[in-house]
2 protein chains.
Amino acid sequence: MSIPTPSDKAYVPFVSVENMMKLIHHIGIEEMLTGLAEYIEQDFKRWELFDKTPRIASHSEEGVIELMPTSDGEVYGFKYVNGHPKNTKEGLQTVTAFGLLANVGNGYPVLLSEMTMLTALRTAATSALVAKYLAPKGADTMAMIGNGAQSEFQSLAMKAIVGIKTVRLWDIDKAATQKAARNLQGMGLEVVECASAEESMEGAQIITTCTADKQYATILTDNMVGAGVHINAIGGDCPGKTELAPAILERSDVFVEFPPQTRVEGEIQQMPEDFAVTELWQVMTGAAKGRTSDSQITLFDSVGFATEDFSALRYVRDRIAGTEFHQPLDMLADPDDPRDLFGMLRRATPA
Amino acid sequence: MSIPTPSDKAYVPFVSVENMMKLIHHIGIEEMLTGLAEYIEQDFKRWELFDKTPRIASHSEEGVIELMPTSDGEVYGFKYVNGHPKNTKEGLQTVTAFGLLANVGNGYPVLLSEMTMLTALRTAATSALVAKYLAPKGADTMAMIGNGAQSEFQSLAMKAIVGIKTVRLWDIDKAATQKAARNLQGMGLEVVECASAEESMEGAQIITTCTADKQYATILTDNMVGAGVHINAIGGDCPGKTELAPAILERSDVFVEFPPQTRVEGEIQQMPEDFAVTELWQVMTGAAKGRTSDSQITLFDSVGFATEDFSALRYVRDRIAGTEFHQPLDMLADPDDPRDLFGMLRRATPA
């Protein structure tokens with residue numbers, strides 16, 4: 001007897017890396033960043049609906065593997081993501097990821113997607129969404145410190161969503177800066193390659209730090225940061241990995257995604273447990289204030305939260321409908337009679 | 001420019017349902033159950049090595065979605081699994097699952113596999129492995145109470161691993177019993193369809209309960225269970241879902257996988273928090289005793305633990321090597337220069 005063809009119920013739409021890249025180009029990267037930011041904002045505004053737990057991390061000497069689940073009561077989502085700073089030396093990505101959405105009502109997966117590309121986009125979209133609320137009005141220049149895999153996405157999101165016109169690049173590795181500058185050619189941004197962190201911050205109203213070393217680093221010291229800027233701190237995102245001098249945190253108003261997670265993983269892991277922070281969802285709903293003065297330093301202590309991946313997967317699910325940018329994956333057994341899994345197996349016996 | 005082909009590093013071997021069924025038939029179901037039991041036993045014997053956390057459950061009115069991660073320090077694995085008892089009424093599986101193995105050293109996934117079929121096999125292999133340690137010597141008859149999707153797998157594993165010759169089927173739904181009996185035809189077991197739970201237990205040294213209702217059910221009452229049997233309680237596996245009268249637990253020596261999880265999800269959720277249990281890994285290493293007398297009732301309060309899925313995925317990974325029973329899945333972005341994710345995306349711009 002031949003292998004029975006799985007029914008439609010057994011197929012899960014899968015978005016490969018190749019299809020994700022096609023989808024991004026089909027939509028346009030800036031439009032996609034803007035669309036992702038809208039979905040992320042929608043979900044922040046219905047924050048209290050979500051089942052929130054800190055990510056489940058499996059730490060090793062070399063890095064971390066994490067599962068980030070959440071649910072809005074109707075849709076469940078999770079992301080698998082690793083972080084291995086040493087990977088780049090071996091020609092591998094520091095961060096790779098994939099994610100899944102499922103129907104809460106019956107537990108069946110409805111989308112499996114690559115999320116290495118998608119995480120870079122959603123991280124950038126989140127940064128820019130937050131900067132839209134917190135950066136000084138009229139901000140047109142960003143210092144981009146750390147010119148690795150995230151840097152171009154961050155730059156374009158700040159252009160598309162905040163209106164940044166100039167990005168000032170700096171990295172301890174000059175080749176990384178040259179790579180980012182080359183990639184950003186012809187994308188509508190003025191790109192300046194800088195020789196030091198200090199130089200990159202000249203005239204910048206937004207300072208983005210995104211470096212990868214797993215250590216208590218001090219990418220920004222206190223005296224480097226002037227009044228009135230918005231700091232978008234991306235790289236400090238796991239225990240033992242920070243980028244900012246504690247003195248900067250003391251001078252700043254710090255905004256976070258989910259305090260129980262950020263206190264363990266973010267820049268504020270350096271601060272006392274009761275260090276005051278403002279939750280972003282409250283800024284977005286109007287329940288808390290964002291920027292209140294021109295001289296204030298606002299700081300987004302970004303670690304990445306499960307709802308942002310959920311929003312990104314929702315966006316992809318909505319945008320692949322009716323397109324060819326996905327393929328059916330036979331990952332769920334679906335016998336005609338659900339109690340008859342064994343019969344399905346027996347009927348699949350090769351002739 | 002054309003879409004670049006991902007390098008080998010970007011591909012994850014994927015075992016679809018169709019390929020899993022082909023693999024099972026290629027190996028032979030009884031040999032595969034025996035092989036799975038060996039891997040599961042190996043991992044129980046190195047229990048202390050594993051990173052163990054109770055599964056992360058997202059409960060809803062209709063059911064539960066769970067992530068079950070673990071790691072032995074070199075390999076990381078997790079399973080996604082749902083449990084929705086109402087699904088069968090809608091023509092869907094109560095339980096569907098898939099799983100993943102990854103390299104702890106660099107975080108890259110190395111296997112994605114369907115696990116609906118594989119979970120049925122590993123659950124049966126675990127039950128039979130435990131019965132091999134705990135059932136009375138010479139056990140040749142099993143009562144199989146609840147004739148749903150798991151029942152044939154349980155029966156065959158007990159045949160292959162414990163040497164059961166007769167299985168006595170009972171279910172409140174006669175059609176389920178008929179289905180199981182039909183499926184087990186020609187598999188080398190004497191199959192008896194019974195008219196009541198009591199009848200199914202006549203002459204049985206092993207009693208397996210595997211029913212699906214999410215409630216405090218009493219599939220077995222105290223007076224139904226005689227001395228000297230081994231009870232393999234599969235169905236009580238989440239909060240609010242049990243199958244046995246508490247009085248049976250009081251008369252039994254209860255063996256469990258991972259006490260912190262079983263106390264929440266297993267039959268012993270009905271008992272005080274300090275109810276005595278023995279951990280299976282200690283029985284397998286010889287650190288604790290299994291069956292000590294002919295009149296003793298041994299009870300495996302099975303809920304399923306992450307290491308068993310880890311063992312099953314290890315087995316599949318080892319057995320698909322060199323076969324055609326997997327396909328490459330493009331789920332990890334893999335730029336030539338790992339810091340150049342954006343360049344990979346730009347180079348994929350359609351002509």
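See the structure shown above.
Quick caveat, the model's predicted, so the values are computed rather than measured. (Residues numbered from 1 in each chain as written. Chains lettered and ligands numbered in written order. Predicted model: local features only at pLDDT ≥ 70, side-chain atom pairs only at ≥ 80, totals over all residues. Heavy atoms only, no water.)

### Re the interface of chain B and chain A
In this complex, chain B contributes 80 residues to the contact, which on the side of chain A involves 80 residues. Overall, the association of chain B and chain A removes approximately 7100 Å² of surface from exposure, summing both partners, and the carbon and sulfur fraction of that is 69%. Per-residue buried area on chain B facing chain A is highest for R339(B), F342(B) and L345(B); these three make up 11% of the total on that side. Put simply, chain B and chain A have 2 salt bridges between them. (Contact = heavy atoms within 4.5 Å. Buried area = accessible area lost by both parts, 1.4 Å probe. Salt bridge = Lys/Arg side-chain N within 4 Å of Asp/Glu carboxyl O.)

### Re the pairing of strand β1 (residues 11-15) of chain B
Here β1(B) runs beside strand β18 (residues 327-330) of chain B; their pairing, made up of 4 bridges, is antiparallel. Note that in β18(B) the partner of Y11(B) across the bridge is D330(B). (Pairing = 2+ DSSP bridges. Helix = DSSP H or I, 4+ residues; strand = E, 2+ residues; numbered from the N terminus.)

### Re the environment of A10(B)
All names here are of chain B. Its place among the elements puts A10 in the segment before β1. Relative accessible area serves as the criterion here: at 0%, A10 is assigned to the buried category. Separated by 167 residues in sequence, A10 and T177 place their C-alpha atoms 46 Å apart. The contact partners of A10, leaving out residues within four places of it in the chain, are L329, D330, M331, L332 and D334. (Buried < 20%, exposed > 50% of the residue type's maximum accessible area, 1.4 Å probe, protein only.)

### Here's the deal with the pattern of salt bridges
All names here are of chain A. Summed over the entire model, instances satisfying the criterion amount to 36 salt bridges over all chains. For D337, the salt bridge goes to R339, with nearest N and O atoms at 3.7 Å. A relative accessible area of 24% means that D337 is categorised as partly exposed.

### Points about the relation of the copies chain B and chain A
The operation relating the two chain copies consists of a rotation about an axis and a shift along that axis. Expressed as a screw operation, the relation of chain B to chain A combines 0.0 Å of axial shift with a rotation of 180°, fitting to an RMSD of 0.0 Å. Considering both components of the superposition, the chain copies are consistent with a two-fold axis. When the interface residues of chain B are mapped onto chain A, 100% of them again fall at the interface, so both copies present the same face. (Least-squares fit on C-alpha atoms with pLDDT ≥ 70 in both.)

### Here's the deal with helix α4 (residues 151-162) of chain B
Residues and elements named next belong to chain B. With 12 residues, α4 extends 16 Å between its outermost C-alpha atoms, agreeing within 8% with the 16 Å of an ideal straight helix rising 1.5 Å per residue. In terms of burial, α4 is largely enclosed, as 9 of its 12 residues are buried. Positive phi appears at G163, one or two residues downstream of α4, with a value of about 90°. (Expected span 1.5 Å × (residues − 1).)

### Observations regarding the sheet that holds strand β9 (residues 166-170) of chain A
All names here are of chain A. Taken in spatial order, the 8 strands of this open sheet run β10-β9-β8-β11-β13-β17-β15-β16, and their pairing is parallel. Edge positions in the sheet fall to β10 (190-193) and β16 (278-279), since each has one partner strand and no second. In this sheet, strand β11 (residues 206-209) lies alongside strand β8 (residues 141-145) in parallel orientation, the contact comprising 4 bridges. Bridge pairing links M144 to T208 in β11. Against the sheet, helix α4 (residues 151-162) engages β8, β9, β11 and β13 (230-233), with an angle of about 165° to β8. (Axes fitted to C-alpha atoms, helices over the stretch in contact; angles between N-to-C directions.)

### Things to note about the packing of aromatic side chains
Applying the stated criterion across every chain yields a total of 23 aromatic pairs over all chains. When the centroid spacing of 5.1 Å and the interplanar angle of 85° are considered together, the rings of F50(A) and F310(A) count as edge-to-face. Highlighted residues: F50(A) in the loop between α2 (29-45) and β2 (51-52) and F310(A) in helix α10 (residues 306-320), separated in sequence by 260 residues. By the burial criterion, F50(A) is buried, and F310(A) matches it. Centroid distance F258(B) to F305(B): 4.9 Å. Interplanar angle 40°. Geometry classified as tilted. Of this pair, F258(B) sits in the loop between β15 (252-256) and α8 (259-265) while F305(B) sits in the loop between β17 (297-301) and α10 (306-320); the two residues are 47 residues apart in sequence, bridging distant segments of the chain. By relative accessible area, F258(B) is classed as buried at 11%. Its relative accessible area of 1% is what places F305(B) among the buried residues. Each member of the aromatic cluster is reached from another via a ring pair, and the members are Y76(A), F78(A), Y80(A), F98(A), Y76(B), F78(B), Y80(B) and F98(B). (Phe/Tyr/Trp six-rings, centres within 6.5 Å; stacked < 30°, edge-to-face > 60°.)

None of the figures reported here should be taken as evidence of function without further support.
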